[in-house]
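Here are the chains, one letter per residue:
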Amino acid sequence: MAFETLSALTAFSLSVNLTPHLSDSGKLVLVVLMFLGRVGFLSLLLAFRPAQPQDMRLPQERDFTVG
């Protein structure tokens, strides 16, 4: 089971043919681990963090009229 779990998490997706013998909840755990391994744990955490406001300054308009 450790090989199946580590393989799913590291996105290698190798198997020793234990997956068909798992329960439905065990298969669901492997699916979630495969998704985390593919997307990347850090990327997934960054996607769900709260947005932080950016301190932006807009450019000022200058008057270049000849007068």
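How each quantity is defined
Residues numbered from 1 in each chain as written. Predicted model: local features only at pLDDT ≥ 70, side-chain atom pairs only at ≥ 80, totals over all residues. Heavy atoms only, no water. Helix = DSSP H or I, 4+ residues; strand = E, 2+ residues; numbered from the N terminus. Rg over C-alpha atoms; globule rule 2.2 N^0.38 Å. Buried < 20%, exposed > 50% of the residue type's maximum accessible area, 1.4 Å probe, protein only. Areas by Shrake-Rupley, 256 points an atom, 1.4 Å probe, with all protein chains shown as cover. Arc of directions from axis to C-beta. Contact = heavy atoms within 4.5 Å. Expected span 1.5 Å × (residues − 1). Axes fitted to C-alpha atoms, helices over the stretch in contact; angles between N-to-C directions. Nonpolar A, V, L, I, M, F, W, Y, C, P; charged D, E, K, R; others polar.

Asks: Whenever I open this one, the overall build of the protein chain confuses me. Can you help?
Replies: From N to C terminus, the protein chain includes 3 helices and 0 strands. In the protein chain, the succession of helices and strands from N to C terminus is α-α-α. Relative to its length of 67 residues, the protein chain is extended, with a C-alpha radius of gyration of 25 Å against a globular reference of 11 Å. Split into buried and exposed, the 67 residues of the protein chain put 13% on the buried side. Of the roughly 6,400 Å² that the protein chain leaves accessible, carbon and sulfur atoms contribute 63%.

Asks: Just checking my understanding: could you explain helix H1 (residues 2–9) for this structure?
Replies: Owing to its 3.6 residues per turn, the α-helix aligns residues three or four sequence positions apart on the same side. Regarding H1, the residues found buried are Glu 4, Ser 7 and Ala 8. Summarising the axial view, the buried residues of H1 lie within an arc of 100°, below the 170-degree limit, and thus occupy one face. Away from the buried face of H1 by more than 90 degrees, exposed residues Ala 2 and Leu 6 are located. Lining the buried residues of H1 we find helix H2 (24–39). A positive backbone phi angle near 65° is found at Ala 11, which sits one or two residues after H1.

Asks: Looking at this structure, how should I read H2?
Replies: Taking 1.5 Å per residue as the helical rise, H2 with its 16 residues ought to reach 22 Å, and the 23 Å between its terminal C-alpha atoms agrees with that figure. Buried residues of H2: Gly 26, Leu 30, Leu 33 and Leu 36, and no others. Taken end-on, H2 shows its buried residues confined to a sector of 125°, consistent with a single buried face. For H2, the exposed residues set more than 90 degrees away from the buried face come down to Asp 24, Ser 25, Leu 28, Val 31 and Arg 38. Packing partners of the buried residues in H2 comprise H1 and helix H3 (41–47). Positive backbone phi, approximately 100°, marks Gly 40, located one or two places after H2.

Asks: Looking at this model, I keep getting lost on the packing of H1 against H2. Mind explaining?
Replies: A packed helix pair is summarised by two numbers, namely the angle formed by the two axes and the spacing between the axes. With their axes 6 Å apart at the nearest point, H1 and H2 run at an angle of 40° to one another. Across from Glu 4, Thr 5, Ala 8 and Leu 9 in H1, the residues of H2 making contact are Leu 30, Leu 33, Met 34, Leu 36 and Gly 37. For the contact of H1 with H2, a count of residues per class yields 6 nonpolar, 2 polar and 1 charged.

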